[in-house]
Amino acid sequence: MIKSNIIKLVDEYAALKSQIAELEKQSKKLADKVKSLGDGTYEGTAHKLVVSSCIPVRFDSTTFREEHAELYEKYTKQGELQTTVRVYGR
């Protein structure tokens, strides 16, 4: 790929990631306002929001590994290759 195309690709990607981050920040603020309404169903003009609360149950793999190392290793398997892209400012 031509260097100028790479530069354009990097700049476009970084700009979009920045926009997404800002939109996610705005979305979280609005979600917090909606959550403050409490559990229930809330209707807009074209959409409906449902707020519900729960207490999740999670498996404590760290403690399990410490207490049952052999069993933990027996059921641990390697995943697929994952390639990530990170944006760093200059």
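What you see is a predicted model, and the numbers here were worked out from it, not measured in a lab.

Participant: Would you mind going over the packing of aromatic side chains with me for this structure?
Facilitator: Two aromatic rings are characterised by how far apart their centres lie and by the angle between their planes. Applying the stated criterion to the full structure yields one aromatic pair. With 5.3 Å between their ring centres and 55 degrees between their planes, Phe59 and Phe64 make a pair best called tilted. Exposure remark for Phe59: the relative accessible area of 65% places this residue in the exposed category.

Participant: Sorry, what's going on with the pairing of strand 1 (residues 40-43) here?
Facilitator: Each regular strand shows side chains that alternate between the opposite faces of the sheet. Pairing geometry for strand 1 and strand 2 (residues 48-51), over four bridges, is antiparallel. When the bridges of strand 2 are listed, Gly40 appears paired with Val51.

Participant: Sorry if this is basic, but what is going on with the pattern of salt bridges here?
Facilitator: If the charged atoms of two oppositely charged side chains come close together, the side chains can form a pair. Tallied over the full model, the rule gives three salt bridges. Taking the shortest distance from any N to any O, the salt bridge between Glu12 and Lys8 comes out at 3.9 Å. Here Glu12 pairs with Lys8, and both are found in helix 1 (residues 3-35), just four residues apart, close to one helical turn. Among the salt bridges present, the one from Glu22 reaches Lys25, with a minimum N-O distance of 3.8 Å. One end of the pair is Glu22 and the other is Lys25, both in helix 1 and three residues apart, which spans about a single turn. Using a relative accessible area of 48% as the deciding quantity, one classes Lys25 as partly exposed.

Rules used in this analysis
Residues numbered from 1 in each chain as written. Predicted model: local features only at pLDDT ≥ 70, side-chain atom pairs only at ≥ 80, totals over all residues. Heavy atoms only, no water. Phe/Tyr/Trp six-rings, centres within 6.5 Å; stacked < 30°, edge-to-face > 60°. Buried < 20%, exposed > 50% of the residue type's maximum accessible area, 1.4 Å probe, protein only. Pairing = 2+ DSSP bridges. Helix = DSSP H or I, 4+ residues; strand = E, 2+ residues; numbered from the N terminus. Salt bridge = Lys/Arg side-chain N within 4 Å of Asp/Glu carboxyl O.

Read these as layout, nothing more, since geometry by itself doesn't imply function.
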